[in-house]
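# Examining the three-dimensional arrangement
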Amino acid sequence: MKKIFVLMLTALLLTACGSNESEKEEPVALEKDSQVSTPSQEELDAKLKEEAKEYSFVELNSDEVAKDEKVKLTGEVSAVSGSGVNSTFTLTTKENDGVGMFSVKNFSLEDIADGNTVTIYGTYNGKNDVSMPEIVATIIEK
């Protein structure tokens, strides 16, 4: 009985210490077709325009809209601060019997000036430090 036990133990040890050459994995080569392509800026802009929804000042000011929601607004520019990318301005919209005022961060390449009527596409960024609804605009059309 001891001989069988010793033989089994020896066989087990030899198997455990043996080479596992057949189990080694070869690195998988990536094919050109399997690479993920990134969309062009034109495709991203078209997608934003398609998905953006028009909201009223009341909806955005009363926290009915989730942060980072895609929005579209049309109105008049005022209180421009800075120029080009990273400038800010106020967008005033005409709504029913009143107006809405939004703080806009300009991340487009469009230069705007007081009095311009523009349509902006971007994302709702919550309220700014003076509790005004803030939009991060990546597309501005005059």
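Please refer to the structure placed before this passage.
Worth saying up front: this structure is predicted, and the values here are computed from it rather than measured.

### Some details on the nonpolar core
Across soluble globular proteins, nonpolar side chains have a tendency to be buried as a group. With 17 residues, the main nonpolar core has Leu 60, Phe 89, Ile 120 and Ile 135 as its most contacted residues. For this core, the secondary-structure elements that each account for two or more residues are β2 (70–81), β3 (87–95), β4 (98–106), β5 (117–127) and β6 (133–141). Apart from residues lying up to four places away in sequence, Leu 60 is in contact with Tyr 55, Val 65, Val 71, Phe 102, Tyr 124, Lys 127, Pro 133 and Ile 135.

### As for the packing of aromatic side chains
In this structure the tally under the stated criterion is one aromatic pair. Between Phe 57 and Phe 102, the ring centres sit 5.7 Å apart and the planes meet at 75°, which makes this aromatic pair edge-to-face. A residue pair is termed long-range when its members are at least 10 positions apart, and Phe 57 in helix α3 (residues 57–61) and Phe 102 in strand β4 qualify at 45 residues. Residue Phe 102 is classed as buried on the basis of its relative accessible area of 0%.

### Considerations on the pattern of salt bridges
As enumerated under the stated definition, the model contains four salt bridges in all. Two residues, Glu 141 and Lys 49, come together in a salt bridge whose shortest N-O distance is 2.3 Å. A residue pair is termed long-range when its members are at least 10 positions apart, and Glu 141 in strand β6 and Lys 49 in helix α2 (residues 41–51) qualify at 92 residues. Taking relative accessible area as the criterion, Glu 141 reaches 30% and is therefore assigned partly exposed. Judged by its relative accessible area of 36%, Lys 49 falls in the partly exposed class. A salt bridge links Glu 54 to Lys 72; the nearest nitrogen and oxygen atoms lie 3.9 Å apart. Taken together, the residues Glu 54 in strand β1 (residues 53–54) and Lys 72 in strand β2 connect sequence positions 18 residues apart. For Lys 72, a relative accessible area of 23% puts it in the partly exposed group.

The rules behind the values
Counting restarts for each chain: residues are numbered from 1 in the order of the written sequence. The predicted origin of the model limits local features to residues at a pLDDT of at least 70 and limits the giving and counting of side-chain atom pairs to 80 or more, whereas totals for whole chains, interfaces and linings rest on all residues. Think of the side-chain values as coming from all heavy atoms in the structure, minus any hydrogens and water. As used in this record, nonpolar core signifies buried Ala, Val, Leu, Ile, Met, Phe, Trp, Tyr and Cys residues forming a set joined through side-chain atoms within 4.5 Å. Three exposure classes are used, based on accessible area relative to the maximum for each residue type with a 1.4 Å probe and protein chains only: buried under 20%, partly exposed in between, and exposed over 50%. The helix and strand labels rest on DSSP assignments: H or I over at least four residues marks a helix, E over at least two residues marks a strand, and numbering proceeds from the N terminus. By definition in these notes, contact holds between two residues if any of their heavy atoms fall within 4.5 Å. Aromatic pairs are defined between Phe, Tyr and Trp rings, using the six-membered ring for Trp, whenever the two ring centres lie within 6.5 Å; interplanar angles under 30 degrees are classed as stacked, those over 60 as edge-to-face, and all others as tilted. Salt-bridge detection follows one rule: a side-chain nitrogen of Lys or Arg within 4 Å of a carboxyl oxygen of Asp or Glu.

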